[in-house]
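# Results of the structural survey
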Amino acid sequence: MLQVGIVGLPNVGKSTLFKTLTKKAVDCANFPFCTIEPNVGVVEVPDPRIDRLAEISQSQKVIPTAIEFVDIAGLVKGAHKGEGLGNKFLANIREVDMIVHVVRAFQDENVVHVEGGTDPLRDVETIEIELAMADIGTVEKRLDTVRGKMKAGRTKELESEESALAKMFEALQQGKMANTVELSEEEEKMVADMSLLTRKPVLYVVNVDEEFFKAPSGASVAGGDKAPVNLGNRLALPVSIKVESELIDMPPEDQQMFLSELGLAQSGLDRLIAKCYELLNLITFFTSGEKETRAWTIHRGDKAPRAAGVIHTDFERGFIRAEVISYEDFVAGLGEAGARDTGKLRVEGKEYVMRDGDVCHFRFNV
């Protein structure tokens, strides 16, 4: 399952965001081999298509796709030197697929800011320096090893690896994130196994107050096209975590009315989850029948056998073909039989590149 780590300075709303997200938690019994720690929440990816498919197929069970959110504790200024909880956060955060960095942009005299005052850009840079310092030792050690090997004999692979590491090391020394460095395809391949914190995709969640969305500018940035404060060219999403924590306890009809008053089509949590999905370059395909309708997560560009393998490794190993109907055709035909009758069911082979919304049935033989 995909993991998203939530980081940020103390008192920025990080833990409130995590607690609010976990109220949207899905039934973990639906996800085998999923041991949930206290700081981990498995959250449903919002997708209205799954309910429509289940309705058409009259499914007994509906299983959405999900993302794991991990509340990463211990990040303060000087963490890489052992301040606060020091490097305890490293073990958790190394494993995540992407980072949600919560930044405070609200004013509240009752909530003390660790740096004495609200300054989102300063806070972002503080955390980024901590992550860079945590990575710099890893990169330097690997660079020394590669350069040692190159003395014994240069190869194209070693040269690409050395080049990638040198570029990243220079950026990290300046307190910059390694994901700001452009690498060639070959260079990227040589360092892909390093799990660098600063190479992961980052979404900056700017924690604003309710008034932000009521202002004329609020609605225009609600989709996260730009930050409500200057964060440079970082991808930012304004969310009022206080509003979200109140919203989550309301009945659905009240939630919708409240969001409409703020000029929002979706809750901040749903926008956050969808944006994580988008940043990780993921798409959804479905299986749907009387027994269950289920959503499955794959990477954009994955071929049919890889998608089959997400359901079960035997499906990929013994893949024969995929019977595919687009979501739109499945709905228009009111199910598989209708889509088949109108010639909308396609038989695809091993080279078929999956599309978002495909409804599939895989044939295999092991």
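The rules behind the values
Residues numbered from 1 in each chain as written. Predicted model: local features only at pLDDT ≥ 70, side-chain atom pairs only at ≥ 80, totals over all residues. Heavy atoms only, no water. Axes fitted to C-alpha atoms, helices over the stretch in contact; angles between N-to-C directions. Helix = DSSP H or I, 4+ residues; strand = E, 2+ residues; numbered from the N terminus. Parallel < 35°, antiparallel > 145°, perpendicular 65-115°, else oblique. Contact = heavy atoms within 4.5 Å. Nonpolar A, V, L, I, M, F, W, Y, C, P; charged D, E, K, R; others polar. Buried < 20%, exposed > 50% of the residue type's maximum accessible area, 1.4 Å probe, protein only. Phe/Tyr/Trp six-rings, centres within 6.5 Å; stacked < 30°, edge-to-face > 60°. Lys NZ or Arg CZ within 6 Å of the ring centre and 35° of its normal. Polar contact = N/O pair within 3.5 Å; in protein donor to acceptor, adjacent residues only side chain to side chain. Lys, Arg positive; Asp, Glu negative; His and termini not counted. Salt bridge = Lys/Arg side-chain N within 4 Å of Asp/Glu carboxyl O. Pairing = 2+ DSSP bridges. pLDDT = per-residue confidence, 0-100.

### Here's the deal with the packing of helix α1 (residues 14–22) against helix α11 (residues 268–279)
- At a closest axis distance of 11 Å, the pairing of α1 and α11 adopts a crossing angle of 90°. With respect to α11, the axis of α1 lies roughly perpendicular. Along the contact surface, α1 presents Leu17, Thr20 and Leu21, while α11 presents Leu269, Leu272 and Ile273.
- Each residue belonging to the contact of α1 with α11 can be placed in one class, and the counts come to five nonpolar, one polar and no charged.

### Let's talk about the environment of Met190
- Its place among the elements puts Met190 in helix α6 (residues 185–191).
- Classification of Met190 by relative accessible area gives buried; the value is 17%.
- Residues Met190 and Leu158 lie 32 residues apart in sequence; the distance between their C-alpha atoms is 8.3 Å.
- With near-sequence residues (within four places) excluded, Met190 lies in contact with Arg142, Glu157, Ser160 and Glu161.

### Let's talk about the packing of aromatic side chains
- Applying the stated rule across the entire model yields four aromatic pairs.
- Each member of the aromatic cluster is reached from another via a ring pair, and the members are Phe285, Trp296, Phe319 and Phe362.
- In this structure, Arg234 is placed above the aromatic ring of Tyr204, and the distance from its NZ or CZ to the ring centre is 5.9 Å.
- Seen from the ring of Trp296, Arg294 lies directly overhead, with NZ or CZ sitting 4.3 Å from the centre.

### Section: the side chain of Asp47
- In this structure, Asp47 sits in the loop between β2 (40–44) and α2 (48–57).
- For Asp47, a relative accessible area of 16% corresponds to the buried category.
- A distance of 2.8 Å separates the side chain of Asp47 from the side chain of Arg49, its partner in a polar contact.
- When residues no more than four places from it in sequence are discounted, the contact partners of Asp47 are Thr284 and Phe286.

### Examining the side chain of Lys200
- Topologically, Lys200 is positioned in the loop between α6 and β6 (202–207).
- For the buried Lys200, no salt bridge is present, and the opposite-charge side chain at shortest range is Asp97, 6.7 Å distant.
- Beyond its immediate stretch of four places on either side in the chain, Lys200 contacts Ile93, Arg94, Val96, Asp97, Met98, Ile99, Asn179 and Ser195.

### Notes on the environment of Glu44
- As for its position among the elements, Glu44 is in strand β2.
- Along the chain, Glu44 and Leu21 lie 23 residues apart, while their C-alpha atoms are 9.5 Å from each other.

### Section: the pairing of strand β1 (residues 3–7)
- By the criterion of burial, β1 is predominantly enclosed, with five of the five residues buried.
- Alternating residues of β1 divide into Gln3, Gly5 and Val7 and Val4 and Ile6, and every residue in both groups is buried.
- Where β1 and strand β4 (residues 66–71) come together, four bridges link them in parallel fashion. Within β4, the position partnered with Ile6 by the bridge is Asp71.
- Relative to strand β5 (residues 98–104), β1 runs parallel, the two being bridged by four bridges. Following the sheet pairing, Ile6 is matched in β5 by Val100.

### Quick notes on the sheet that holds β4
- Read from one edge to the other, the open sheet built from six strands follows the order β2-β4-β1-β5-β6-β7, with strand pairing classed as mixed. In the strand order of this sheet, the two ends are held by β2 and β7 (236–239), each with one partner. Averaged over all adjacent pairs, the angle separating strand axes in this sheet is 30°, with direction ignored.
- Across the sheet, helix α4 (residues 120–152) is in contact with β1, β5 and β6; its angle to β5 comes to roughly 145°.
- The strands touched by α11 within the sheet are β1, β2, β4, β5, β6 and β7, with β6 carrying the most contacts at an inclination of about 165°.

### Some remarks on unusual backbone geometry
- For Asn11, which is not glycine, the phi dihedral falls at a positive 65°.
- Within the secondary structure layout, Asn11 lies in the loop between β1 and α1.
- Accessibility expressed as a relative area gives 39% for Asn11, which makes it partly exposed.

### A closer look at helix α12 (residues 304–311)
- Where α12 is concerned, the buried positions are Ala304, Pro305, Ala307, Ala308 and Gly309.
- Buried residues along α12 sit against β8 (282–288), β9 (292–299), α13 (313–317), β10 (319–325) and β12 (359–364).

### Observations regarding the confidence of the model for the protein
- Here the protein shows a mean pLDDT of 85. Residues at 70 or above account for 84%.
- This model gives residues 219–226 a pLDDT under 50, and the stretch forms 19 contacts once residues within four places in sequence are excluded.

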